[in-house]
Amino acid sequence: MRFFLLSPLVLLLAPAAPAQDAAVGVQSSRDAAAVSPAVYDGIERESRYIPMRDGVKLAADILFPTRGGKRAEEPLPLVWTHDRYHRAVRQDGQVIHKGFQATQRELLRRGYLVAAVDVRGSGASFGVCDGPFNPKETRDAYDVTEWFAAQPWCDGNIGMYGGSY
């Protein structure tokens, strides 16, 4: 498994200087279209629970890119966020997933899977939160990353994104 931290805004909005990041093989955003062209035109959302090593289940929404209404068949890289403030909210009778933000939609169009996972004891996840950044939450992030990497729809390249938390 290859793990990288990713700021989608940096990937998509970085200055035009052609800097190469050897650790992840990502070039500047100006070259992003050449590296990962936008070939997908839709999104399919799947909600599920991911089991942790202690039996607690964490709620996750996984967004799959689609083309012509059909989910991508090949394994793809995945970026995810571990969210304390709920991976999705209900607004005007609809579920709004945080992965539907413009930056995440652009990643989906370019062949990335996008996921959001409620931390232990928040949102729809089970368990009890023992405070921010506690050891259980850290282990959970590791377990979630390993679980994603082992899925047949993921190519093993995993990145994370996030806001204030």
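Below, the structure is looked at part by part. (Residues numbered from 1 in each chain as written. Predicted model: local features only at pLDDT ≥ 70, side-chain atom pairs only at ≥ 80, totals over all residues. Heavy atoms only, no water.)

A closer look at the environment of glycine 127
Step number 1: Take glycine 127: it is sitting in the loop between strand S8 (113–118) and helix H4 (135–150).
Step number 2: Considered as a pair, glycine 127 and aspartate 54 are 73 residues apart in the sequence and their alpha carbons are 9.9 Å apart.
Step number 3: In this structure, glycine 127 is in contact with Val56, Arg120 and Gly121, ignoring residues within four places of it in sequence. (Helix = DSSP H or I, 4+ residues; strand = E, 2+ residues; numbered from the N terminus. Contact = heavy atoms within 4.5 Å.)

Observations regarding the pattern of salt bridges
Step number 1: Overall, the coordinates contain 11 salt bridges when judged by the stated rule.
Step number 2: Put simply, arginine 120 and aspartate 54 hold a salt bridge, and the shortest N to O gap is 2.9 Å. Highlighted residues: arginine 120 in the loop between S8 and H4 and aspartate 54 in the loop between strand S2 (42–51) and strand S3 (57–67), separated in sequence by 66 residues.
Step number 3: What makes arginine 120 buried here is its relative accessible area of 5%.
Step number 4: Its relative accessible area of 44% is what places aspartate 54 among the partly exposed residues.
Step number 5: Put simply, lysine 136 and aspartate 130 hold a salt bridge, and the shortest N to O gap is 3.6 Å. (Salt bridge = Lys/Arg side-chain N within 4 Å of Asp/Glu carboxyl O. Buried < 20%, exposed > 50% of the residue type's maximum accessible area, 1.4 Å probe, protein only.)

Read these as geometric descriptors, not functional statements.
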